[in-house]
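Understanding the architecture of this molecule
Residues per chain are reported as follows:
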Amino acid sequence: MKLTAAQHEQFERDGYLFFPGLFSADETRTLTAEVPQIYSRREPFNVREKGKDAVRTNFAAHLYSAPFAKLARHPRMVEPVQELLGEALYMHQFKINGKMAFEGDVWQWHQDYGTWLNDDAMPTERAMNVAIFLDDVTDFNGPLMFIPGSHRKGVVDAKHDLTTTSYPLWTVDNDLIAQLVERAGGKGGFDAEGRFVPGGIVAPKGPAGSMILFHSCLVHASGSNLSPYNRVSVYLSLCAVSNHIRRFKRPEFIAHRDFTPIECLPDDCLLKPCPVALPWKDGVPASALQTSPDAMKLAA
Ligand code: SIN
Ligand code: MN
C-alpha cells in the first residue's frame with residue numbers, strides 16, 4: 001500500500017493517518033476470535049484493570065498466537081510505516097488493549113516515545129504506533145483521542161505515574177495538555193446545522209478493521225468505557241532497526257529485544273494458512289522476564 005503525497009503532508013501536519021475499514025470483517029474476525037482465549041491466561045503478559053479481572057493490556061501475542069503473528073507481518077500495516085520512516089522495522093511492542101465493556105479504565109494523556117526514551121533508552125523518536133480496531137469504535141466505548149500536531153513539540157515534560165491505573169506510564173500534566181489543545185484549535189464548536197466541528201482534540205471512530213498510524217510523539221489518551229460494548233484494539237509499535245532500544249529495564253514481553261527486520265507476508269495471509277514462527281507458544285522464556293537498569297547489560 002503506497003501513501004499519497006497528501007497523506008505524507010497530512011502525517012507531517014497532524015501526526016496521524018486514519019484508514020477506516022482497512023481490514024475486512026472476515027480478516028478482523030480471525031483476530032477477534034483469539035482474544036478470549038488469550039485474555040483467559042493467568043500469565044504476566046496479561047495486565048488486568050486495577051482491582052478487576054478484566055484485561056487492560058495483553059503483551060506480545062504475536063509470539064504465541066498465529067493470527068497475531070500474521071498481523072505483525074501484514075503488508076497493509078508494515079509498508080506505510082516503512083515508507084514514513086524510510087527504513088527496515090522491528091517490533092518494539094505489541095499490545096491487545098481490552099477497554100472492556102463497563103470495566104475499561106482510562107489511559108492518561110501521554111506520548112509513547114516519552115516512555116520508550118525514559119524506560120527503554122530508545123535513541124530517537126523514529127518509531128511508529130499503529131492501532132487496529134478489533135471492535136467498532138464509537139463515541140461511547142472510550143475512543144482514542146489525539147491532540148493534532150502535538151508531535152511537532154518533540155518530547156514534552158512527563159511524570160512517571162505508578163498509581164492512577166494498573167500500568168505505569170510517563171504522563172503529561174493538565175496545564176500542558178490545556179496549552180497544547182488550545183494551540184491545536186481549542187474546544188471545537190457546532191456549525192449552523194448543529195454538527196460538532198472538532199478543535200484541538202480529535203477521536204477517530206470507525207468499524208472493526210480500521211487502522212490508525214500515529215507518530216510516537218503525538219499526545220494521546222482515552223476515557224473509560226462505561227458502554228456495554230468492548231473496545232478491543234491492537235497497538236503495534238514499530239521501530240526503525242537502527243533506532244533499537246539500548247536499555248532492558250522492562251521485561252522483554254513489554255519491550256522487545258529482538259531487532260530482526262520484519263519481513264512481510266502476502267496480503268491475504270490472514271485468510272490463508274501461512275507458516276509463522278511462534279517462539280513463545282510453550283510459554284514465556286525466563287530470560288524474557290529478566291531486566292537490567294543499565295544500558296545494554298543483557299544484550300545478546
Ligand atoms: C495507549 O496509549 O497505549 C493505549 C490507549 C488506549 O488503548 O486507548
Ligand atoms: Mn500510548
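The structure under discussion appears in the preceding block.
A brief report on the enclosed structure follows. (Residues numbered from 1 in each chain as written. Chains lettered and ligands numbered in written order. Predicted model: local features only at pLDDT ≥ 70, side-chain atom pairs only at ≥ 80, totals over all residues. Heavy atoms only, no water.)

Along the backbone of the chain there are seven helices and 14 strands. By its C-alpha atoms, the chain is 60 × 45 × 45 Å across when sized along the principal axes. A burial count over the chain gives 54% of its 300 residues as buried. Carbon and sulfur atoms make up 56% of the accessible area of the chain, which totals about 13100 Å². Considering the chain, the positive charge centre built from 31 side chains and the negative charge centre built from 35 side chains are found 3 Å apart. (Helix = DSSP H or I, 4+ residues; strand = E, 2+ residues; numbered from the N terminus. Buried < 20%, exposed > 50% of the residue type's maximum accessible area, 1.4 Å probe, protein only. Areas by Shrake-Rupley, 256 points an atom, 1.4 Å probe, with all protein chains shown as cover. Lys, Arg positive; Asp, Glu negative; His and termini not counted. Charge placed at Lys NZ, Arg CZ, Asp CG, Glu CD.)

With the rule as written, the count across this model stands at three cavities of 30 Å³ or more. Lining the largest cavity are Lys-95, Asn-97, Trp-107, His-110, Asp-112, Leu-144, Phe-214, His-220, Ala-221, Ser-222 and Tyr-235. Only β4 (89–97), β5 (107–110) and β13 (220–222) provide two or more residues apiece to the lining of the largest cavity. The residue makeup of the lining of the largest cavity, split by class, is five nonpolar, four polar and two charged. As for the second largest cavity, its lining consists of Gln-93, Lys-95, Trp-107, His-110, Asp-112, Thr-115, Trp-116, Tyr-167, Leu-169 and Arg-250. Counting residues per element, the ones that place at least two in the lining of the second largest cavity are β4, β5 and α6 (112–120). (1 Å grid on protein atoms, 1.4 Å probe; cavity = no way out; pocket = protein on both sides within 12 Å on 5 of 7 lines; lining within 4 Å. Points joined across faces, edges and corners; volume = space filled by probe spheres on them. Nonpolar A, V, L, I, M, F, W, Y, C, P; charged D, E, K, R; others polar.)

The next subject is the pairing of strand β3 (residues 55–59). By the criterion of burial, β3 is predominantly enclosed, with five of the five residues buried. Where strand β2 (residues 46–48) meets β3, three bridges bridge the pair, whose relative direction is antiparallel. Considered in β3, the bridge of Arg-48 is made with Val-55. (Pairing = 2+ DSSP bridges.)

At the metal site, the manganese ion (ligand 2) is ligated by His-110 (NE2), Asp-112 (OD) and His-220 (NE2), and these contacts range over 2.1 to 2.2 Å. When the donors of the manganese ion (ligand 2) are listed by position in the chain, the intervening gaps give H-x1-D-x107-H. The pair His-110 / Asp-112 is uniform in exposure class, with both members buried. (Donors = N, O, S within 2.8 Å, 3.2 Å for Na, K, Ca; no water.)

Reported here for the largest pocket is a volume of approximately 390 Å³. Considering the residues around the largest pocket, the lining is formed by 17 residues, among which His-62, Leu-63, Arg-73, Met-91 and Asp-258 are closest to the centre. Broken down by class, the residue content of the lining of the largest pocket amounts to ten nonpolar, three polar and four charged.

As a structural note, the neighbourhood of ligand 1 is formed by Lys-95, Asn-97, Trp-107, His-110, Leu-144, His-220, Ser-222, Arg-231 and Tyr-235. Residue Asn-97 places a side-chain N or O atom 2.9 Å away from an oxygen atom belonging to ligand 1. Here an oxygen atom of ligand 1 sits 3.0 Å away from a polar atom, N or O, in the side chain of His-110. When the free accessible area of ligand 1 is taken as 260 Å², the share hidden by the protein chains comes to 100%. The site holding ligand 1 turns out to be the largest cavity. Of all the secondary-structure elements, those providing two or more residues to the shell around ligand 1 are β4, β5 and β13. Here the shell around ligand 1 is built from residues that sort into three nonpolar, four polar and two charged. (Near = heavy atom within 4 Å. Polar contact = N/O pair within 3.5 Å; in protein donor to acceptor, adjacent residues only side chain to side chain. Sits in = over half its atoms within 2 Å of the grid points.)

Under the counting rule described, the total for this entry stands at ten aromatic pairs. Ring geometry for Phe-18 versus Phe-133: centroids 6.0 Å apart, planes at 40°, classification tilted. Here the residue Phe-18 occupies a position in strand β1 (residues 16–19), and Phe-133 occupies one in strand β6 (residues 127–133), the gap between them amounting to 115 residues. On the accessibility criterion, Phe-18 (24% relative accessible area) is partly exposed. (Phe/Tyr/Trp six-rings, centres within 6.5 Å; stacked < 30°, edge-to-face > 60°.)

Another point: the environment of Glu-87. Following the sequence through the fold, Glu-87 ends up in the loop between α5 (75–85) and β4. Judged by its relative accessible area of 22%, Glu-87 falls in the partly exposed class. For the pair Glu-87 and Pro-285, spaced 198 residues apart in sequence, the C-alpha to C-alpha distance is 30 Å. Ignoring any residue separated from it by four or fewer positions in sequence, one finds Glu-87 in contact with Gln-82, Arg-126, Ala-240, Val-241 and Ser-242. Looking at Glu-87, its side chain comes within polar contact range of the side chain of Arg-126, at 2.7 Å. Among the polar contacts made by the side chain of Glu-87, one reaches the main-chain amide nitrogen of Ser-242 at a distance of 2.8 Å. (Contact = heavy atoms within 4.5 Å.)

With that settled, the discussion passes to the sheet that holds strand β14 (residues 233–240). One open sheet accounts for seven strands, arranged β1-β12-β6-β14-β4-β3-β2; its pairing is antiparallel. Only two strands of the sheet have a single neighbouring strand rather than two, namely β1 and β2. Each strand axis lies, on average, 20° off the axis of its neighbour in the sheet, ignoring direction. Bridge count for β3 against β4 is three bridges, and the pairing is antiparallel. (Axes fitted to C-alpha atoms, helices over the stretch in contact; angles between N-to-C directions.)

Here the focus is the nonpolar core. In terms of nonpolar packing, the biggest core is built from 51 residues, with Phe-68, Leu-236 and Leu-238 touching the most fellow members. Looking at this core, the element that brings in the most residues is α5, giving five residues. The contacts of Leu-236, once residues within four sequence positions are left out, are Leu-71, Ala-72, Met-77, Met-91, Gln-93, Phe-94, Met-128, Asn-129, Val-130 and Ile-132. (Core = buried A, V, L, I, M, F, W, Y, C linked by side-chain atoms within 4.5 Å.)

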